[in-house]
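# Per-entry structural report
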Amino acid sequence: MRHVRGDDWDAIVALESAAYTPLGLSEGRAALESRVRASPATCFVLDLAERLAGYLLALPYPMFRYPDLTRAESVEFRTGNLHLHDLVVAEDLRGSGLAKTLLSALFASARSHGFASVSLVAVGGSAPFWASQGFTEHPGVVPPDGYGPGARYMSRPVRVEVTAGAGG
C-alpha cells in the first residue's frame, strides 16, 4: 500500500474504465488526477505481484455533497468529512479482501488527519457491501442521475481504534 505516483496513472485509468464504463460512470484521467491533487495523503494504490491491483481516491468534501462526475475538481474544501470517491480492485482479484485492505488504510489516514466521518456514493448496486463495512444510507440525499440508477449516499463515522492495554 502506498500513495499514488505519477507513473500509476495508466493503470489507474485502465482499472477505472474497466469498472465504470459498463455503468456509464467513467470519468477520465483529468477528473481522477484532480481528485488526487485535492488530497494526495488520502489516495492510495495497492501493488500486488508486479502490478497495480487496486486504488482508492478520497478527498475532503462537505457532508451530503459529492463531486460532479462530469468535471475536474477546482475547489479544495476544509471540512471534517472525507469523501471516498472511488475504490476499485482489479476484476480478477475481487473477493480477496483487497477492498478491505484499502479501506483500512483510508480509515487510518482519516484518523490521523482528524476527519470525523467518511462519506461515499454507492453505485452499481454496491450499497450492501458498503453497509457491511458500517456505512449508513441517507435516503434524503439523492445523488444526481449522473451517478447511475439506484445510487445511494452513505456515510460512517471515523472511530478511534482502541488498542489492547489502552487505559480509559
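This report concerns the structure included in the present document. Quick caveat, the model's predicted, so the values are computed rather than measured.

With that settled, consider the layout of surface pockets. Here the largest pocket is characterised by a volume of approximately 700 Å³. The wall of the largest pocket is formed by 31 residues, among which Y20, L87, V88, S126 and W130 lie closest to the centre. Contributions of two or more residues to the lining of the largest pocket are made by α1 (9-20), β4 (81-89), α3 (98-112), β5 (117-122) and α4 (127-132). Among the elements that make up the lining of the largest pocket, the one with the highest residue count is β4 (seven residues). Class assignment for the residues of the lining of the largest pocket results in 19 nonpolar, seven polar and five charged.

So, on to the sheet that holds strand β1 (residues 2-3). The strand order β1-β2-β3-β4-β5-β7-β6 describes an open sheet built from seven strands, whose pairing is mixed. Of all strands in the sheet, those with a lone pairing partner are β1 and β6 (136-137), marking the two edges. Bridge analysis of strand β2 (residues 44-48) against strand β3 (residues 51-60) gives five bridges, and the strand direction is antiparallel. When the sheet's bridge partners are listed, L46 is paired in β3 with G54. Along the sheet, helix α2 (residues 29-38) contacts β3 and β4; its crossing angle with β3, the most-contacted strand, is approximately 60°. Strands in contact with α3 are β2, β3, β4, β5 and β7 (152-157); relative to β4, the strand with the most contacts, it is inclined by about 160°.

Now for the pairing of β4. Across the nine residues of β4, nine count as buried, placing the element largely inside the fold. Strand direction decides the pairing type here: β3 and β4, joined by seven bridges, are antiparallel. Looking at β4, one finds that L57 is bridged to D86. In terms of strand pairing, β4 meets β5 through four bridges, oriented parallel. Within β5, the position partnered with N81 by the bridge is S117. Once the chain exits β4 it traverses α3 before rejoining the sheet at β5, and the crossover so formed is right-handed.

Cut-off values and rules
Residues numbered from 1 in each chain as written. Predicted model: local features only at pLDDT ≥ 70, side-chain atom pairs only at ≥ 80, totals over all residues. Heavy atoms only, no water. 1 Å grid on protein atoms, 1.4 Å probe; cavity = no way out; pocket = protein on both sides within 12 Å on 5 of 7 lines; lining within 4 Å. Points joined across faces, edges and corners; volume = space filled by probe spheres on them. Helix = DSSP H or I, 4+ residues; strand = E, 2+ residues; numbered from the N terminus. Nonpolar A, V, L, I, M, F, W, Y, C, P; charged D, E, K, R; others polar. Pairing = 2+ DSSP bridges. Contact = heavy atoms within 4.5 Å. Axes fitted to C-alpha atoms, helices over the stretch in contact; angles between N-to-C directions. Buried < 20%, exposed > 50% of the residue type's maximum accessible area, 1.4 Å probe, protein only. Right-handed = clockwise from strand over helix to strand, strands pointing away.

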